[in-house]
Amino acid sequence: MRVKAAVGRAGLALLLGIVVGGATGCANMGVKPWERDLLAEPGMAIDPDVVVTALDEHIYFSKEASTGGLGTAGGGCGCN
Amino acid sequence: MAVTSRKGRGNGAGGKGTVRAAIMGACGLLGLAGSRAEATEVRSALLGYTEPNRVSAIEAIVDGNHDFSDGKILNFRLVLDALTGASANGATPASYTQTFTRPSGNGSYQTAPGETPLDDTFKDTRGALSVGLGLPLNRMTNLNFGLYGSGEHDYSSLGGNLTLTRDLHQRNTTVALHGAYFHDTIFPEGGRPDPFTPMEPEGLPKAKLSGDGTKEILDLGLGVTQVLNRKMIVYLNYTYSNVTGYQTDPYKIFSVVDPVTGDPRATDPYLYESRPDARDKHILFGKMSWHLERDIIQLSYRYFMDDWGVHSNTVDLTYRWNLSNRTFLKPHLRYYNQSATDFYRRYLVDGQALPENVSADYRLGDMHTVTYGLTYGRKLDSGNELTLRLEYYAQMGDGYPPDAIGNLKDFDLFPTVDAFIMQVGFNFSLPE
Amino acid sequence: MRLILKVLLPALLLCACMGMANAEDEPQETSVPLPVAEFDLAVFQGQVVLVDFWASWCEPCRHSLPWLNEMQVKYQDQGLQVVMVNLDKNYAAAEKMAADISGSIVQFQDPAGELATLYELEGMPSSYLYDRSGNLVSDHVGFHQKDEPKLEQAILTTLTMEDE
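Residues numbered from 1 in each chain as written. Chains lettered and ligands numbered in written order. Predicted model: local features only at pLDDT ≥ 70, side-chain atom pairs only at ≥ 80, totals over all residues.

**Student:** Where do I start with the overall build of chain B in this structure?
**Tutor:** Each helix and strand counted, chain B has one helix and 25 strands in total. In terms of overall dimensions, chain B is more spread out than a globule: its C-alpha atoms have a radius of gyration of 28 Å, far above the 22 Å expected for 432 residues. Along the first, second and third principal axes, the C-alpha atoms of chain B reach 100 × 45 × 40 Å. Among the 432 residues that make up chain B, the fraction classed as buried is 33%. (Helix = DSSP H or I, 4+ residues; strand = E, 2+ residues; numbered from the N terminus. Rg over C-alpha atoms; globule rule 2.2 N^0.38 Å. Buried ≥ 20, exposed ≤ 12 C-beta atoms within 10 Å, placed from the backbone.)

**Student:** Would you mind going over the overall build of chain A with me for this structure?
**Tutor:** When helices and strands are counted, chain A shows two helices and zero strands. Within chain A, the proportion of its 80 residues that are buried is 41%.

**Student:** Could you clarify how one ought to interpret the pairing of strand β5 (residues 98-101) of chain B in this entry?
**Tutor:** In the case of a regular strand, side chains alternate between the two sheet surfaces. Note: β5 of chain B against strand β6 (residues 108-111) of chain B, four bridges, orientation antiparallel. By the bridge assignment, Thr101 of chain B is partnered in β6 of chain B with Ser108 of chain B. (Pairing = 2+ DSSP bridges.)

**Student:** Please clarify how the interface of chain A and chain B should be interpreted in this entry.
**Tutor:** By a widely used convention, the size of an interface equals the accessible area lost when the partners come together. Taken together, the 42 residues of chain A in the interface contact 64 residues of chain B. If you tally residues by element for the side of chain A that touches chain B, the top one is helix α1 (residues 2-23) of chain A, at ten residues. Each residue belonging to the side of chain A that touches chain B can be placed in one class, and the counts come to 24 nonpolar, 14 polar and four charged. (Contact = placed C-beta atoms within 7 Å. Nonpolar A, V, L, I, M, F, W, Y, C, P; charged D, E, K, R; others polar.)

**Student:** Please explain the sheet that holds strand β16 (residues 253-257) of chain B as it appears in this structure.
**Tutor:** In any sheet, the strands associate via hydrogen bonds between backbone groups, in a parallel or an antiparallel arrangement. All names here are of chain B. Taken in spatial order, the three strands make up an open sheet running β17-β16-β22, and their pairing is mixed. On the outer flanks of this sheet lie β17 (270-272) and β22 (348-349), each paired with one strand and no other. Relative to β22, β16 runs parallel, the two being bridged by two bridges. Counterpart to Val256 in the pairing with β22 is Leu348.

**Student:** I would appreciate a short explanation of the pairing of strand β18 (residues 278-291) of chain B in the present structure.
**Tutor:** Residue and element names in this part refer to chain B. Bridge count between strand β15 (residues 232-245) and β18: 13 bridges; the pairing is antiparallel. Across the sheet, Thr244 pairs through a bridge with Ala278, a residue of β18. Hairpin connection of β18 to strand β19 (residues 296-306): four residues between the antiparallel strands, including Glu293 at a positive phi of 80°.

**Student:** Sorry, what's going on with unusual backbone geometry here?
**Tutor:** Excluding glycine, residues mostly carry a negative phi; peptide bonds, for their part, are mostly trans. For the bond running from Met124 of chain C to Pro125 of chain C, omega is -10°, close enough to zero to count as cis. Topologically, Pro125 of chain C is positioned in the loop between α4 (114-119) and β5 (126-130). Unlike most non-glycine residues, Arg171 of chain B shows phi in positive territory, near 65°. Note on placement: Arg171 of chain B falls in the loop between β10 (155-168) and β11 (173-186).

**Student:** Could you clarify how one ought to interpret helix α5 (residues 148-159) of chain C in this entry?
**Tutor:** Helical periodicity: at 3.6 residues per turn, an α-helix aligns residues three or four positions apart in one direction. Residue and element names in this part refer to chain C. When the terminal C-alpha atoms of α5 are compared, their 16 Å separation across twelve residues agrees well with the 16 Å that a helix rising 1.5 Å per residue should span. Among all positions of α5, only Leu151, Ile155 and Thr158 are buried. Around the axis of α5, the buried residues are gathered within 70° of arc, so they sit on the same side. In α5, the exposed positions that point more than 90 degrees away from the buried face belong to Pro149, Lys150 and Gln153. (Expected span 1.5 Å × (residues − 1). Arc of directions from axis to C-beta.)

**Student:** Would you take a moment to explain helix α2 (residues 59-75) of chain C for this structure?
**Tutor:** All names here are of chain C. Between its first and last C-alpha, α2 extends 25 Å over 17 residues, near the 24 Å set by a 1.5 Å rise per residue. Of all the bends in α2, the greatest reaches close to 30° and is centred on Leu65; the proline Pro66 follows between one and four positions later. Most of α2 is tucked away, with 14 of its 17 residues classed as buried. (Bend = angle between axes of the 7 residues up to and from the residue.)

**Student:** Quick question: what am I supposed to make of the packing of α2 of chain C against α5 of chain C here?
**Tutor:** A pair of packed helices is characterised by two quantities: the angle between their axes and the separation of those axes. Residue and element names in this part refer to chain C. The interhelical angle for the contact between α2 and α5, taken along N-to-C directions, is 30°, at an axis separation of 12 Å. With respect to α5, the element α2 is oriented roughly parallel. As for the relative orientation of α2 and α5, their crossing is right-handed in sense. Residues Trp67, Met71 and Tyr75 of α2 lie in contact with α5, whose contacting residues are Glu148, Glu152, Ile155 and Leu159. (Axes fitted to C-alpha atoms, helices over the stretch in contact; angles between N-to-C directions. Parallel < 35°, antiparallel > 145°, perpendicular 65-115°, else oblique. Left-handed = near helix turned anticlockwise from the far one by under 90°.)

**Student:** Got a minute to help me understand the environment of Met97 of chain C in this structure?
**Tutor:** Residues and elements named next belong to chain C. Along the chain, Met97 turns up in helix α3 (residues 92-98). On the basis of neighbour counts, which here come to 19 C-beta atoms within 10 Å, the residue Met97 falls in the partly exposed class. The sequence separation of Met97 and Leu65 amounts to 32 residues, and the corresponding C-alpha distance is 8.7 Å. If we skip the residues at most four places from it in the chain, Met97 touches Ser56, Arg62 and Leu65.

**Student:** Please clarify how the confidence of the model for chain B should be interpreted in this entry.
**Tutor:** Mean pLDDT over chain B works out to 91, with 91% of the residues at or above the 70 mark. The complex prediction reports pTM at 0.86, with the ipTM value standing at 0.89. (pLDDT = per-residue confidence, 0-100.)

**Student:** Where do I start with the sheet that holds strand β1 (residues 34-35) of chain C in this structure?
**Tutor:** All names here are of chain C. Read from one edge of the open sheet, six strands run β1-β4-β3-β2-β5-β6, paired in mixed fashion. Across the chains shown, the open sheet's two edge strands, defined by having one partner strand only, are β1 and β6 (136-141). Two elements, β1 and strand β4 (residues 106-109), share two bridges in a ladder whose sense is parallel. Counterpart to Pro35 in the pairing with β4 is Gln109. Against the sheet, α2 makes contact with β2 (48-54) and β3 (80-86), and its axis sits at roughly 155° relative to β3, the strand it touches most. Sitting on the sheet, α5 touches β2, β3, β5 and β6, and the angle it makes with β2 is about 150°.

**Student:** Explain the environment of Gly190 of chain B here, please?
**Tutor:** As for its position among the elements, Gly190 of chain B is in the loop between β11 and β12 (192-193). When neighbours within four sequence positions are excluded, Gly190 of chain B is seen to be in contact with Pro103, Ser104 and Gly105 of chain B.

In C-alpha cells, the structure reads:
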C-alpha cells in the first residue's frame, strides 16, 4: 500500500515537473534545426517501436484493468 | 582563392557533361537514380505468449508506412492472433472437486480440490486491420485519418480516429489533438447470460439476455511534445475515454459461499457476473527520452483513474545499450499496480445482499505486475533489422486476505500468474 | 542487327547506370569539403548559386542529393553552381553520403553551425537561390519530390534572367 502511494506521488511529481517545465518558456526551450542529430535517432522516438507497443498494449489490455494513454508524439529530426 | 583546392574535373567540358546528363536521365527512367522519396517501411513481428498451465497465444503483425512524394503518408497494419488454453472463470477453490458448465452449455469441466477453477474452453482467432492516411495541411500541421476493424468468433469492433498535430517553435514543440470512436459487438458462445442468474448444469438452458451486446467507445486526447535540449525530449498526454454499453464478461462467474465452511453453497453456488454499463476513464501519461551520447534511456509514467474505482500507476524503463552502430541490447523493466474496482469481490457470502454489480475477475482486483525483458537488435548488411525480445511478466495479488472465511483461508485466492513472452521482429524497406 | 539494338543497347545502358551508382568507378571524384570560414559568395559572381544546407541524419536531405547532382550537371554550362554546406557535428558520419555528391558541387563543412546561425535556418534541409549579381532570389525549407519541378523552374528562371 505504501509502495503504491509512493509510486503514485513520485509519478505525479514527474508529470507536474514536465508540465511546469514545458509550459514555462516553451518558446525559448529546444534546439536549432541543425542540432537534431541525436534526436533524429530511431531509439529517441517517444514510441521507438510501434510494433512492440501494439503487441504489448494488447497483452496488458487483456490482463490489466487500465488501458492506453500513449497518444501521438512529435520529436525526431524535425525535417521538412 | 579556396576554390582551387577542389579535386576532379568539376567544370568539365560541355561534351562530357551532356553525355553524363543523358545517362543519368536514362538511369532515372530505369529507376536507378538513387534514393528518392516514395519509400515503404515495413515492420513485422511474430510473438509467442504463454502462461504455463494457462493461456497461450501466438500473434503476427505487419505494419507498413508508405511515404508519398508530396509528404502524404499511408499506414497499414494487420494483426492476426490465435489464443488457446485456460483462464480463471472467477470462482473460488473448494475443498472438493467442482464441476462447471462450458459457455456453450454443451459440456463441462472439473477443478480439483484446492485448485483455482480454470475454463479451458477457449480457442480463439482474431484478425484486426487498420488503415491510416496522413495529410500535411501545411508545413507545420498534419491531419491523420484512421479506420480500424477487428473480428473474432465472439467479438467485433469497428472504429475511426482523427489526429491533428501542429509543430511550433521550429518544431521544438508539437501539440496533438486526438479523437477516436469505436462500436463493438459482443456475441458470446452460448449467448449472453442474464447477470446474477445461476450457472446451470450442462444440457440445461441458462437464462439469457436477448440479442448481441453492443458497446460504444469515445476517446479524446491532448498531447504535448517538447525538445528540452540536444539530448532530451519529453512528452505529456492526457486522454479521456468514455465507454457505454455491455461491458460484462459473459464467461465470468462468481462463487456464493457458505458463511461457515467457505465452500460453494448447496444451491446455485455460481452466479454470472455483472458490470456497470458506463465507464469514464482519465489517463495521464508522461515519457522522457534521454540520449547519453551513445546509449539512450527512456522512462515513462502513466496514471489511470476511472469511475469504476480503479486507480493505477505504471512505470516503464528501458535502456538502449548501443553495442555498435548496428547492434543494441535493450533491457526493460515495467512495474504496474492497480486498486480494485468498487464492485470487485473475490466471492460473495450466502445471505448477504446482492450488490448492484459484482465481478470476481482477478484482472479487476487489487494487483500489481512486473515485467522484466531484454531485446537484442541487429542491423543487417541490407539495411534491414532483426530483433529478438524475451520478457517475463508476473501478475500478483493477495492470495491470503485476512478476512477469508472457512476453508478459503487454506487456499491461494490469487495465485501469481507467470507469463513468458518471446518476439522475433523483422524491419525492412520495400524497393521503389 | 535489330536484336543487337534491342538487347545490347539496354544492357549497355544498364551497365552504364550501374557504373553511375558506383562512386569508386566515377571519373569525377567528389570534391573535398572546405572549412566554412572560407565561404564567400563573391567567388561565384556571374553564376547562379544554389546554397543547400544538409546533414547525414536528415532523411529528406538524403533524398535531395540526387536531385542536386542532377541540377548541377544539367545547368552548370548555363552558369549554375550548387554549393552544399554540411552540418554534421562529426563529418565522418557524412562521408559515406557525401561520396555520392558530384565533383562539380562545391562543399563546405559547418560542424559548429556558424553559417547556419548566420542564415537563421528554419528547418532542414534549407536552400537559398542567388542570381548572378549575388542577390537572394528565393529560399526553401524542406524537400519533397513533388517540389522538384517548381524548384527547377526557379533555377531556370534565374539563369535566364536578363542582367540589369
